[in-house]
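Overview (structure and organization)
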Amino acid sequence: MIDRLNRLFRVERGEWPKLIQFGLFGFLLQMGLGVGFSAGDAAFFSNVGADALPVIFMLTPAVMLVYTGVFSVLMVRFSLDRMVMATLAMLVAGGVLLWALLDRAGDSQPLYYALKLYLAMWYIAIYSLFWNYTDAYFDIQDAKRLFPLFAAFCALGTAAGALIVNLFAATIPLPGFLLLWAGIAFVTMPLAYSIGRRWPQLAENDAETDGQAGGIGAQFAMLVKAFRGSRYTLALTATLFVTLLMTNLAEYQYAAVLQQGRSETELAALFGALYAASNIFNLVVCLFVFNRLVTRLGVRNVAFILPFTYFAVFGFFFLSSGYAAAIAAFFAYHGVLTSIEYNNQNLLFNAVPSAIKRPLRTVVEGMCEPLASLIAGAFLLYAAKYLDLRELSGIGVMLGALLIAIVMLLRQLYPAAMVGNMRRGWLNFGRPIPALTAEADARLRELAVAPDAPLHRQAGELDGEGETAQLADAEAIAALLAAAPQQTPRERRRSAAMLVDFGEPAIPHLVAALRDARRSQGARAVAARGLAALSQAQFAAQSDAIVESELDAARQAMDSARRLDAASDASGLTGLLARAQRERASATVDFLLELLALRGLLPDSDLLIVSLHSSNAKVRANAMEAIETGIGHSLFRRVDAVLRPSDDAETSPPMEPELIALIEAALDRGGPVEVAVSLAMLHQQLSEADFVRRTGRLIHPGMAEPLRRQLLALMGMRQDEGAGRVALIDALRRTPNFAAATLEALAGLAAAARSEPPEAAAWNGATATGDRFWIAHADIRDTAARYPDLALVMLRLQDGRGHAA
């Protein structure tokens, strides 16, 4: 039953307690707001009238200026948890005060103006507070699944509040509903306190410091800088601004139609019914539609739904200004805006600079939206004298067209904004690589020289022409590609640049290398970079098929790893092989991201790869979002299945024949570490004769030296001093200093291990099969230079923050 609910609502195992607590928090906040809005709107329209709405629109910015100032002070000085408690306390006090005033002076029009402004303030403030608070606990990938569910809880709460007013409007005086709102806020306090104590907040990025900016002035300076330097921030703000202009216009038009010929009680019942119906609609959309919609279309495409809805509604009002048009406008505002646009805005805010996301949202929702109300109110005060509803609808149509154009710009800026946000928390991998030192450049040129046919193509020197030069080209290209696995990322880029200098004759060699799945992914990546620079058409012709085949291989590796995880093995080698296969699948995705970036479908692949391997959940999720935006839903689902495999199905332990088949498959398809571990496992499982028979196919003239030594040792033809290669890797992966590094990086460290202490400073924090070993610090640094994941692990050990790297 639980598994069915998980699939229906797209909830992962273990998430329900957190989901229920945050959902109930949103439910109670919105139930109180639903009670206050339904009763307060009815009281305002009955005692003052819709003609006064422009005045409310103009006064709202002044009220929000006070609220935003107070909120900003609290945001700088206190935690989000304490801000929530302070807000709930203000709701309790405000509800009790308004109940007392309206109960004693219920015929005072200024009091109803104050009530409407109070409602307008909390409509914005509660929404901003809840989503700022919730965003601190979830990354964007979780948000795409769970935020619609939270919105459903909120919609259900608003509907419940509106239904309470609808059912009891004839028996409970309207001021009594404000007292009820205060009571709901009071009972919400223990839940808010429990959330803050139980669930940890997530850091925005890997560069985030523990403290915020020093004060309001510092935060204001950061906001100004963000608006100056981020076109996306400007586009998002413009989107929200124009959206609210249209929302105010829609509210004015539907209120003007619906108030005609109705008493206060009738109007309260009507609004109660409409709010209830719209929030039931919101509930359905949030539970079953939005998360699937945003997964299928993407965040930036869903942003078009409300602009087109408003465009159509105002077109309807232009053609017919009757009751049906008013209902359509009401549902566009309280339905589509609430269930789709607001949910999507929560995701769009994720691409603004993370350092100012919360204060930016506070300013935008606390001031920019009321400023739009001010402009709309001033315009409506003027327009009410000279324009009828049909002419106002024509203006709404024009605003709808403008909003569509702004969202088109927002859609184009979104991917680059996501990447920019990730880059602020990391080194800028997109910067041009500085020139190599003379020694490093000489080392690389040596790799480009064939042993018996010297070639310095970079300097324009050739030892012959025609066939002799072609042979030298081929050997130099092969030498560069063969050296790639041992090169640093910087050297690989330089190698790719040198391959480009060979010109078009290198294309056939690079195509062959790229298509050869037996080569290391480092070599194939260098070939891909060179080929993409020489001939984008040739590269594109190869890349699609390679992406398909590599994804299939990655999926098979993940399936094999799942089966191996279920096997019991006292030696721990099955777990080691399973980890090696998962890492191969992950490395395959890294390789594919580089191919897709070279195709122009993704931004900086190095930044995406590093972000995917971050320990920070939000950094990883931002990378996933950038990938999904670039490659589309269908391909992303296959990539996501490798990066985040489902653990729903239980796996039974494999029988011995199946286990041996899985090990032999790893011999044929796996990387160097997989092959080494597989050999050790087969040696345990098989007789000596059977082992020799099954592994004989690995012996060939070009076999790697570590593999040759291991095979000779397992066959009893060689005796190595100290622990073997697999034992060293196994020991290093159990060492806290290196455990988080990939097995490929650990294999590099294992190759540098010594059974005797070196003269230079060395690390000796572990033993393998009872034998102590040492690794020189210089060798650790050299290995970390070749394997960025090892370098990041070492950086994290030196960093005080748990989420770093």
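In the block above lies the structure referred to throughout.
Residues numbered from 1 in each chain as written. Predicted model: local features only at pLDDT ≥ 70, side-chain atom pairs only at ≥ 80, totals over all residues. Heavy atoms only, no water.

Overview of the packing of helix H27 (residues 672-685) against helix H29 (residues 705-714)
Where H27 contacts H29, the two axes come as close as 11 Å, and the packing angle between them is 5°. Our classification of the angle between H27 and H29 gives roughly parallel. Where H27 abuts H29, its residues Val 675, Ala 676, Leu 679, Ala 680 and His 683 lie against Leu 707, Gln 710, Leu 711 and Leu 714. A per-class count over the contact of H27 with H29 returns seven nonpolar, two polar and no charged. (Axes fitted to C-alpha atoms, helices over the stretch in contact; angles between N-to-C directions. Helix = DSSP H or I, 4+ residues; strand = E, 2+ residues; numbered from the N terminus. Parallel < 35°, antiparallel > 145°, perpendicular 65-115°, else oblique. Contact = heavy atoms within 4.5 Å. Nonpolar A, V, L, I, M, F, W, Y, C, P; charged D, E, K, R; others polar.)

Some words on the side chain of Glu 341
Position of Glu 341 relative to the elements: it lies in helix H13 (residues 323-348). For Glu 341, a relative accessible area of 2% puts it in the buried group. Setting aside residues no more than four positions away along its own chain, Glu 341 makes contact with Ala 303, Leu 306 and Val 336. (Buried < 20%, exposed > 50% of the residue type's maximum accessible area, 1.4 Å probe, protein only.)

Overview of the environment of Thr 243
Assignment of secondary structure puts Thr 243 in helix H9 (residues 231-258). Residues Thr 243 and Leu 403, spaced 160 residues apart in sequence, show a C-alpha to C-alpha distance of 7.1 Å. Setting aside residues up to four positions removed in sequence, Thr 243 forms contacts with Leu 306, Tyr 310, Leu 337 and Leu 403.

A short note on unusual backbone geometry
If you check the backbone angles, Arg 10 has positive phi at about 60° while not being a glycine. Looking at the element boundaries, Arg 10 is found in the loop between helix H1 (2-9) and helix H2 (16-47). Judged by relative accessible area, Arg 10 falls into the partly exposed class, the value being 28%. Positive phi, normally seen in glycine, also occurs at Thr 769, with a value near 50°. When you line up the elements, Thr 769 lands in the loop between strand S2 (767-768) and strand S3 (771-772).

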